[in-house]
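What follows is each chain in one-letter form.
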Amino acid sequence: MNIAFIVILVIFIILILVGIIGIGFYNKLVFRKKKVIDKFNAVYMSLKERVDIIDSISNIITTNKLHEDNILMELNKMKEAILENSSVNETLPLINESDDLLKKALSLDSIYDELLKDKIYMNLKDTFKNNQYKIMYSIEIYNEEVEEYNNYKSKGIANVISKIFRFSDYSYYKKENDI
């Protein structure tokens, strides 16, 4: 056999092996990325439940003719922000913002005594509290998945592959205050 042929064959085999290894790392990155997005979708669905809470609160404020135009405007902006943002890193801050706004809106019973007698309003307070717990639970799972993804993505060959194919970074959710 010709030495040139053997060298070309060895180089070809090495390139095939490198390609197979690269494809393996790429597939694992895609798999982990899909898991992060899947876990985020659970968070997002819980966040979208807040849109119903916002609609109900807005309806109560309007029906009872409460003079809370600023809160109504903020609630509408929050609703739009939740429905418009589907990017993971842009949506995560909305959790804390919506928490603060809904706490503010659901504390109107300290100003308007008639809300204490409104069963729908009182049920909304419980619904919101349950939604908070649901989001915090799904956030814990999301953060675990992001940690696995980020750790895998930052090591060795996976780091090179992620840079070549521009795999996006995902942020952790950082809780501002306790429920």
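From a predicted model like this one, the values you see are computed outputs, not experimental measurements. (Residues numbered from 1 in each chain as written. Predicted model: local features only at pLDDT ≥ 70, side-chain atom pairs only at ≥ 80, totals over all residues. Heavy atoms only, no water.)

Chemist: I'm lost on the packing of helix α2 (residues 69-84) against helix α3 (residues 88-105) in this one. Help?
Modeler: For any two helices packed against each other, one specifies the crossing angle of their axes together with the interaxial distance. Running from N to C, α2 and α3 cross one another at 150°; their axes reach a closest spacing of 11 Å. The orientation of α2 with respect to α3, classified from their angle, is roughly antiparallel. Where α2 crosses over α3, the two elements pack in a sense that is left-handed. On α3, the residues that touch Ile 71, Glu 74, Leu 75, Met 78, Ala 81 and Ile 82 of α2 are Leu 94, Glu 97, Ser 98, Leu 101, Leu 102, Lys 104 and Ala 105. Across the contact of α2 with α3, the residue classes tally to 9 nonpolar, 1 polar and 3 charged. (Axes fitted to C-alpha atoms, helices over the stretch in contact; angles between N-to-C directions. Helix = DSSP H or I, 4+ residues; strand = E, 2+ residues; numbered from the N terminus. Parallel < 35°, antiparallel > 145°, perpendicular 65-115°, else oblique. Left-handed = near helix turned anticlockwise from the far one by under 90°. Contact = heavy atoms within 4.5 Å. Nonpolar A, V, L, I, M, F, W, Y, C, P; charged D, E, K, R; others polar.)

Chemist: What's the story with the nonpolar core in this structure? I'm lost.
Modeler: Grouped burial of nonpolar side chains is what soluble globular proteins tend to show. Counting residues in hydrophobic clusters, the biggest one holds 45 residues, and the most contacted among them are Ile 57, Ile 61, Leu 75, Leu 92, Ile 95, Ile 139 and Tyr 142. Secondary-structure elements contributing two or more residues to this core are α1 (3-63), α2, α3, α4 (119-153) and α5 (156-164). Residue contacts for Tyr 142: discarding those within four places in its chain leaves Val 36, Lys 39, Phe 40, Val 43, Val 88, Leu 92, Tyr 170, Ser 171 and Tyr 173. (Core = buried A, V, L, I, M, F, W, Y, C linked by side-chain atoms within 4.5 Å. Buried < 20%, exposed > 50% of the residue type's maximum accessible area, 1.4 Å probe, protein only.)

Chemist: It is not clear to me how α5 should be interpreted in this structure. Could you clarify?
Modeler: Side chains of residues three or four places apart in an α-helix project in the same direction, reflecting 3.6 residues per turn. Every buried residue of α5 is listed here: Ala 158, Ile 161 and Ser 162. Viewed along the axis of α5, the buried residues span an arc of 100°, placing them on a single side of the element. Relative to its buried face, α5 has exposed residues pointing more than 90 degrees away, namely Gly 156, Lys 163 and Ile 164. Downstream of α5 by a residue or two, Arg 166 has a phi angle that is positive, lying close to 50°. (Arc of directions from axis to C-beta.)

Chemist: When you look at the packing of aromatic side chains in this model, what are you seeing that I'm missing?
Modeler: How two aromatic rings sit relative to each other is given by the distance of their centres and the angle of their planes. Scanning the entire structure with this criterion turns up 6 aromatic pairs. Aromatic ring contacts, followed pair by pair, group Tyr 26, Phe 165 and Phe 167 into a single cluster. (Phe/Tyr/Trp six-rings, centres within 6.5 Å; stacked < 30°, edge-to-face > 60°.)

Chemist: Any chance you could explain the pattern of salt bridges here in plain terms?
Modeler: Opposite charge on two side chains permits them to pair, given that their charged atoms come into close proximity. Scanning the model with the defined rule gives 8 salt bridges in all. The salt bridge involving Lys 35 is made with Glu 145; its shortest N-O contact spans 3.5 Å. With a gap of 110 residues between them, Lys 35 in helix α1 and Glu 145 in helix α4 connect regions that are remote in the sequence. On the accessibility criterion, Glu 145 (8% relative accessible area) is buried. For Asp 55, the salt bridge is made with Lys 79, and the minimal N-O distance between the two is 2.8 Å. One end of the pair, Asp 55, is in helix α1; the other, Lys 79, is in helix α2, and 24 residues separate them in sequence. Take Asp 55: its relative accessible area is 32%, and that puts it in the partly exposed class. (Salt bridge = Lys/Arg side-chain N within 4 Å of Asp/Glu carboxyl O.)

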